[in-house]
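Listed below are the residues making up each chain.
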Amino acid sequence: MLQLNPQQRNAVTTTDRPLLVLAGAGSGKTRVITEKIAHLIEVREIPPRAIVAITFTNKAAREMRERIRGRLERNRARGLWVSTFHTFGLNFLRSELQASGLRGGFSVLDPSDCRQLLREITHRDGDPADTETLLGQISQWKNGLLAPERARAIATEPGEQHAARVYQRYEQALAAYNAVDFDDLIKRPVDMLSCEPQLRERWQNRIRHLLVDEYQDTNGAQYRLVQLLVGLNPGLTVVGDDDQSIYAWRGARPENLARLREDVPRLEIIKLEQNYRSTNRILAVANRLIANNPHLFEKRLWSALGEGEPIRVIRCTDAEAETARLVSELMRMRFRLRATWSDFAVLYRSNHQSRMFEKLLREQGIPYRLSGGQSFFERPEIRDLAAYLRLLVNPDDNPAFLRVINVPRREIGPSTLEKLGRHAHARGCSLLRAASGIGLAETLGARGQARLSRFADWAEEIRRQAADEAPERVLARLVEEIDYESWLLDNSPSPRAAGRRMDAVREFIDWVGRVSRTATGDSQALTLEDVVSRISLMDVLDRQRENSDEDAVQLLTLHTAKGLEFPHVFLVGFEEELLPHRVSLEEENVEEERRLAYVGLTRAQKTLTITWAAQRTRYGETTECLPSRFLDELPPEHLEWPDAKPPDPETQQLTARAHLAGLKAMLKSGT
DNA sequence: AATTATAACATTTTT
DNA sequence: TGTTATAATT
């Protein structure tokens, strides 16, 4: 509390009215939230179970939990809710099961399950509509809290009409499977709270303080959820920064910050403008860039950390030269500044840009860590086993059934499954239940019937045993019984690959054990049901941290870099059509790209290096590239061209031409 | 049923 | 240029 600046302290101690904290990059917003929670518990003596803190990522939630735990005396935080929006929604649904209309053990389908489901729905139609577009459209409707019937009523174009019909069938399928998707974890609680005053009252009484981080990333449904949970309660704290809104394309609505001003009476607004992260030169550059965007709120970051080094801008002839230059700079700077590898981060716009860097870093023996890529829970072997667990908890989960029915081979072919599907549909039950039922023999033939019922009986047996066993044991035995190791050996390109996949399986078993033993909050050991729901939400727990100790250069996309900071940052590929990305240019979304650049610049603590390539091979074709228009928006007095390449007239002319071309494209597509 | 040929495609991605 | 999904073939 002593080390807080006046604005921060003000934010912490304002507890009698709703509060909006506009927290610039690096202004210590996480500290404000954790200090405020500590203040609420210690000084105001609010019981922890009446405080809910919401973040967007599991990682952020984990960090916050740890910081609070370190800040408070032992057990003072017991009962405190710190979770993501989605985990909160999940817990809400599970504790209000009756009102939710779901049955116990309901499944949470991840996006790839949903995609699969949509494919099935549309394929039978013969309508070759783009699954990805449908997925996006449905998600948009859900985030706008529109039920399928309403969507159908509103839809005008034939394409929309079709999408709305698909939406309706998709919802029917989810209901039949006793399943929800990610968006439902927000939408359903909102629907419930809006419709049932008693329920609403109960929750509003229960939650006395709600704190929301990264508020600019909330979508319509999340905004509504916050409102319904808070009601007229003064205990609301939201923290955000409209300049760091980079998820608008996913439905985030940064204007939710401004909207609060109109919707919440007596709202107090506090700005955090002192930056504790970067040098003033870095901030000057970032401030100037973002000044080109319209603003919901004006703010100006400053820092007490001194002037710092000029920002270096390096022109490279092509992508290879850029890679080589980066690696040589890394080695030079590490030596000269006595830095460690982990002091460096390489930031880029899109994932594929990491390739070349990876290759060269590997060759040079420089350790690196790559963000993104395939996550643990997306690996096929983990998804297989997770599907088994889901089916144990929820026998109506047809997607899970279909995933595991022939893993390992059970000789149940597509035609048998087709018949089973029809039978299940006629009886109005799930595939697994239909498989165990009688009366299939006529339509199916005796062999198919026997195989199906053997599987169903086996599943039922495992399910019975799972009731009084630790989740870890259940999974371990399952892996044994289906002889998953042999299956992996048969279905992997090499024994080595099979070994790696089996390692992942063992790690998964360990993970299940760790998760179920970790008593979160005031609960005891977790049940299989708890564990299964955590898998879908990719609640990775302490997996991540093990890696972060190692000394490695970080390769990150600009999106994943948000919220992080590094002493030395390289921002690569600073080019037209790459940083203001081509698609964004076509969609006239330059502002979000500028915010993306802003996020990149403000990750740097001490030094910042921007590189761009004059030539790049794209999809096998070599094209000329121009420096990003954002480069022209940076104050030249803080920039340095180490290769004695100040903005030569030729380049500037080219840039100007590019802008003209962009303008023309905008005019063409817009009006 | 499994393997191979072909064509289409190609941002960002917290949950 | 690489990947990925579908089609075509064995």
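Residues numbered from 1 in each chain as written. Chains lettered and ligands numbered in written order. Predicted model: local features only at pLDDT ≥ 70, side-chain atom pairs only at ≥ 80, totals over all residues. Heavy atoms only, no water.

1. Remarks on the protein's contact with DNA strand C
Inspection of the region around DNA strand C gives Arg 355, Tyr 619 and Gly 620 as its neighbouring residues. Expressed as a percentage, the sugar and phosphate content of the atoms of DNA strand C within 4 Å of the protein is 38%. (Near = heavy atom within 4 Å.)

2. Things to note about unusual backbone geometry
Backbone phi values are negative for most residues with the exception of glycine, while trans is the configuration of most peptide bonds. A cis geometry characterises the amide bond from Val 407 onward to Pro 408, with omega recorded as 5°. Relative to the elements of secondary structure, Pro 408 occurs in the loop between α18 (398-404) and α19 (414-427). For Arg 266, which is not a glycine, the phi torsion comes out positive at approximately 65°. With respect to the element layout, Arg 266 can be found in the loop between α13 (256-263) and β8 (268-272). (Helix = DSSP H or I, 4+ residues; strand = E, 2+ residues; numbered from the N terminus.)

3. Considerations on the protein's contact with DNA strand B
The immediate surroundings of DNA strand B are formed by 24 residues, with Asn 58, Arg 250, Arg 349, Thr 557 and Ser 584 found nearest. Within the side chain of Arg 250, a nitrogen or oxygen atom sits 2.7 Å from a base nitrogen of DNA strand B. Asn 351 is positioned such that a nitrogen or oxygen atom in its backbone is 3.0 Å from a phosphate oxygen of DNA strand B. Tallied by class, residues from the surface near DNA strand B come to 8 nonpolar, 10 polar and 6 charged. (Polar contact = N/O pair within 3.5 Å; in protein donor to acceptor, adjacent residues only side chain to side chain. Nonpolar A, V, L, I, M, F, W, Y, C, P; charged D, E, K, R; others polar.)

4. Thoughts on the sheet that holds strand β16 (residues 604-613)
Read from one edge to the other, the open sheet built from 7 strands follows the order β13-β14-β12-β15-β16-β11-β19, with strand pairing classed as parallel. If you trace the sheet from one side to the other, it starts and ends with β13 (368-370) and β19 (639-640), each paired once. Looking at chain direction, strand β11 (residues 311-316) and β19 are connected through 2 bridges and run parallel. Note on β19: the bridge partner recorded for Ile 311 is Leu 639. (Pairing = 2+ DSSP bridges.)

5. A look at the state of the cysteines
This model, assessed by the stated rule, comprises 0 disulfides. Residue Cys 316 stays outside any disulfide, its sulfur separated by 11 Å from that of Cys 625, the closest cysteine. (Disulfide = S-S within 2.5 Å.)

6. Remarks on the pairing of strand β1 (residues 19-23)
Every regular strand shows the same layout, with side chains that alternate between the two sheet faces. The element β1 is extensively covered by neighbouring structure, given that 5 of its 5 residues are classed as buried. Burial along β1 is two-sided: the residues Leu 19, Val 21 and Ala 23 and Leu 20 and Leu 22 are all buried. Of the strand pairs in this sheet, β1 and β8 are connected by 5 bridges, and their pairing is parallel. Looking at β8, one finds that Ala 23 is bridged to Leu 272. Pairing analysis gives 4 bridges linking β1 to strand β7 (residues 236-240), with the strands arranged parallel. Each bridged residue has a counterpart across the sheet, and for Leu 22 the counterpart in β7 is Gly 240. (Buried < 20%, exposed > 50% of the residue type's maximum accessible area, 1.4 Å probe, protein only.)

7. Details of the sheet that holds strand β3 (residues 81-84)
The sheet built from 6 strands is open, its strands ordered β3-β2-β6-β7-β1-β8 with parallel pairing. Looking at the sheet topology across the chains shown, the edges are occupied by β3 and β8. Within this sheet the neighbouring strands show an average axis-to-axis angle of 15°, counted without direction. By the bridge criterion, 3 bridges tie strand β6 (residues 209-212) to β7 in an arrangement that is parallel. Bridging across to β7, Leu 210 finds its partner in Leu 236. Contacting β1 and β8, helix α1 (residues 6-13) runs over the sheet at an angle of about 145° to β8. (Axes fitted to C-alpha atoms, helices over the stretch in contact; angles between N-to-C directions. Contact = heavy atoms within 4.5 Å.)

8. As for the packing of aromatic side chains
In this description, a pair of aromatic rings is defined by centroid distance and the angle of the planes. Taken as a whole and assessed by the stated rule, the structure comprises 19 aromatic pairs. Pairing Tyr 215 with Tyr 223 gives two aromatic rings, centres 6.4 Å apart and planes at 55°, and the pair type is tilted. Looking at Tyr 223, the relative accessible area reads 1%, which means it is buried. A centroid spacing of 6.1 Å and a plane angle of 85° characterise the contact between Tyr 388 and Trp 458, whose relative ring orientation is edge-to-face. Here the residue Tyr 388 occupies a position in helix α17 (residues 380-393), and Trp 458 occupies one in helix α22 (residues 446-466), the gap between them amounting to 70 residues. The exposure class assigned to Tyr 388 is buried, which follows from its relative accessible area of 2%. Aromatic rings pair up to connect Trp 81, Phe 88, Phe 92 and Trp 203 into one cluster. For Arg 259, the ring lying beneath its charged end belongs to Tyr 223, and the centroid distance is 4.0 Å. The ring of Trp 458 carries Arg 410 above its face, with NZ or CZ at 5.6 Å from the centroid. (Phe/Tyr/Trp six-rings, centres within 6.5 Å; stacked < 30°, edge-to-face > 60°. Lys NZ or Arg CZ within 6 Å of the ring centre and 35° of its normal.)

9. Section: the packing of helix α15 (residues 319-336) against helix α16 (residues 354-363)
When two helices pack together, you describe them by how their axes are tilted relative to each other and by the distance separating the axes. Following both chains from N to C, one finds α15 and α16 inclined at 50°, their axes separated by 10 Å at the closest point. Taken together, α15 and α16 sit at an angle that is classed as oblique. Crossing geometry of α15 relative to α16 is assigned as right-handed. Residues Ala 319, Glu 320, Glu 322, Thr 323, Ala 324, Leu 326, Val 327 and Leu 330 of α15 pack against Met 356, Phe 357, Leu 360 and Leu 361 of α16. When grouped by side-chain class, the residues that make up the contact of α15 with α16 number 9 nonpolar, 1 polar and 2 charged. (Parallel < 35°, antiparallel > 145°, perpendicular 65-115°, else oblique. Left-handed = near helix turned anticlockwise from the far one by under 90°.)

10. Quick look at the nonpolar core
With 52 residues, the main nonpolar core has Phe 401, Leu 475, Tyr 484 and Phe 508 as its most contacted residues. For this core, the element with the highest residue contribution is α17, accounting for 9 residues. If near-sequence neighbours (up to four positions away) are discounted, Leu 475 is found in contact with Leu 385, Leu 389, Phe 508, Ile 509 and Val 512. Of all hydrophobic cores here, the second largest spans 41 residues; its members include Leu 90, Phe 92, Ile 207 and Leu 260. (Core = buried A, V, L, I, M, F, W, Y, C linked by side-chain atoms within 4.5 Å.)

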